[in-house]
Amino acid sequence: MINMEVKEKQESHLNNSPMTLFRFELNRSQTSLFLILSFMGILMLPFNLAGDIFLNLFQFLFHILPAYLSEPYHYHEDYLIYNFFPILIRIIIYTIFLILSIHALRKILRHKNVKHKVKGKTIHQERIVNWLGLKISNGQSLFIFSASLAGIFFTVQHFLEYLLYPFFGFGLLESICWISNGFPSQSTSHEILTNNVPLAITAIFFLLCLYSLVIVRRGKPLNPSKKITKNYSILVFIVSIVVFILLSARIFCHLALFNYEISSLLGISYNAPNPYQNEDFIITISVLCICLALMITSFFLKEQNYKEMKTSDELSWLQVKLTPHRTIILLSSALLYIIFFTHHYLTMIFLYGGVGSFYFNFYHIILIPIILFCYYPIGKILKNHRFDNIIKNIDNSREFKTNWFNFDLTKTDSVILLSVSSGLVGLYIYQLLSMNIYAQAYLQEPYSFNLYMLFSFPVMTAFICFILVVIVYTIKKTLPSIKSSN
């Protein structure tokens, strides 16, 4: 009898062991955040994969490849490599992220029903990390870890695409090397700069991400008297250091082109700068100084550890009082759209954005306010551990359970999946309408028509409809979680 009681206590201790992901110990609110992000990845990444497979890969197999085989002497000898490998690289990257999302979702939803024994050393909650001079908490370390992991994959993708498809260039990174003469379509640069400066910037970003991956896994025991960096100051620091690196490279290009000693040392023909180029140099230095000032300011924006929100405090957004359910719905939607628009923004800027139009580009004018608008509720909800209290309120409310694809969901899990699904409905309806419009315009153009499109567009449409069915099913199964009384 005593042995049975001991065994039950041991099993209870195992089942109540802390949730870990990539050896990081997660508290309840962090687990909920990763559940939001992993479910987003599972619903969003398959669409990107399908687009690369059924549109880009099929275009290569059924259009580019036959055209090359019929008249190979009209094409460059590496023409097939240039067109095939960028598609393959994107498919591999998206597949890796999808696998990581599935792994995180399965581990979180099955945590309470599986006996866990963490292999290796667990990275505990009660610690503080020194990252580039900033004192950050375990939750902030998780954010840096996730962002760095994504940064490594995208940096490697960007580097490999350039090596395999050099005619496409580095986009924004290459445009940094070109200094405008003040006349339309006339700029000054040199082959040494355009070939090496983008590679150097890519290497710096890669090493910075790699350093961050290693350093955030190390930390010292948390001292309650110490202060940590505020969440928004970390974002300001990251943006500032990225822009600082890009502008530093542009200043180097200025010196390499318009300074006689440095030009001679690098083997670049000296160019006398005109007033327009001098003005560009002054503006670049001014913005660089602003970024440096913001980076320094980030070191002084700190808050006390574990500053709790009073239970009497009410959370509102745009004068709307937020209940716990509404808060999770708002947080999920904000995370969804900030990821969507940030990815779109960075893709457009790094591929097509030029320094000449850097300050008045459409994507800066439109997308930056949208991204900031999405960040506002995220920062407000996560500030002062408000999200911890919200999750506790839902966990302590009336019990609710439902079965979703053989997973037993708690009330908190159900509300999270409902929130993400609701946010994705509008996005996928937009994708469905866009695919229909794009297909009609493409098929009506006689010069662009190919037989594979008669298969690709219906398959993409069916795939979007399938995801919408999964979303609707998820909403149906989880909607009672917000209808039940607390």
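Let me begin by describing the structure that accompanies this report. (Residues numbered from 1 in each chain as written. Predicted model: local features only at pLDDT ≥ 70, side-chain atom pairs only at ≥ 80, totals over all residues. Heavy atoms only, no water.)

Let's talk about a positive patch on the surface
We apply this condition: Residues qualify for a patch when their relative accessible area is over 30% and they have no salt bridge, like charges being joined within 9 Å and the nonpolar side chains of Val, Leu, Ile, Met, Phe, Trp and Tyr within 5 Å. Here the Shrake-Rupley method, with its probe set to 1.4 Å, supplies the accessible areas, and only the displayed protein chains count as covering residues. The rule for a salt bridge is simple: a side-chain nitrogen of Lys or Arg has to be within 4 Å of a carboxyl oxygen of Asp or Glu. Charge assignment in this entry is limited to Lys and Arg as positive and Asp and Glu as negative, and neither His nor the chain termini are counted. Lysine's charge is taken at NZ, arginine's at CZ, aspartate's at CG and glutamate's at CD. Each helix is a run of DSSP H or I of at least 4 residues and each strand a run of E of at least 2, with the numbering of both proceeding from the N terminus.
On the surface, Lys135, Lys220, Lys227 and Lys302 cluster together to form a positively charged patch. Counting through the fold element by element, Lys302 comes out in strand E9 (residues 302-304).

A look at the pairing of strand E3 (residues 127-131)
Rule in force here: Burial classes: relative accessible area under 20% of the type maximum marks a residue as buried, over 50% as exposed, and values in between as partly exposed (1.4 Å probe, protein chains only). In this description, strands pair whenever DSSP reports at least two bridges between them.
Where burial is concerned, most of E3 is hidden: four out of the five residues are buried. Relative to strand E7 (residues 220-221), E3 is paired through two bridges, and the arrangement is antiparallel. Bridging from a neighbouring strand, Arg127 pairs with Pro221 of E7. Inspection of the sheet shows E3 paired to strand E4 (residues 134-136) by three bridges, in the antiparallel sense. When the bridges of E4 are listed, Trp131 appears paired with Leu134. Two successive antiparallel strands, E3 and E4, enclose a turn made up of two residues, where Leu132 displays a positive phi of approximately 55 degrees.

Notes on a nonpolar patch on the surface
Residues Ile81, Phe85, Leu88 and Ile92 make up a contiguous nonpolar surface patch of roughly 290 Å² in combined accessible area. Along the polypeptide, Ile81 turns up in helix H3 (residues 79-109).

Remarks on unusual backbone geometry
Residues other than glycine seldom take positive phi values, yet Leu132 does so here, at roughly 55 degrees. One non-glycine residue, Phe405, lies in positive phi territory at about 50 degrees. Position of Phe405 relative to the elements: it lies in the loop between strand E12 (402-404) and strand E13 (407-409). By relative accessible area, Phe405 is classed as partly exposed at 44%.

Observations concerning the environment of Phe58
As a reminder of what qualifies: In what follows, residue pairs with any heavy atoms lying within 4.5 Å of each other are defined as contacts.
With respect to the helices and strands, the residue Phe58 is situated in helix H2 (residues 28-70). For Phe58, the residues in contact, after removing those within four places along its chain, are Ile53, His63, Tyr452, Phe455 and Ser456.

Some words on the packing of aromatic side chains
Let me state the cut-off plainly: For Phe, Tyr and Trp, where Trp contributes only its six-membered ring, two rings pair if their centres lie within 6.5 Å, and the inter-plane angle classes them as stacked under 30 degrees, edge-to-face over 60, or tilted in between.
The tally for this structure, following the rule as stated, stands at 22 aromatic pairs. Ring plane angle 80 degrees and centroid distance 5.4 Å describe the contact between Phe58 and Phe62, whose orientation is recorded as edge-to-face. Placement of both Phe58 and Phe62 in helix H2 is noted, with a separation of four residues, approximately one turn of the helix. The exposure class assigned to Phe58 is buried, which follows from its relative accessible area of 14%. Ring pairs connect the aromatic residues Phe39, Trp404, Phe405, Phe407 and Tyr473, which therefore count as one cluster.

By themselves, these figures tell us nothing about what the structure is for.
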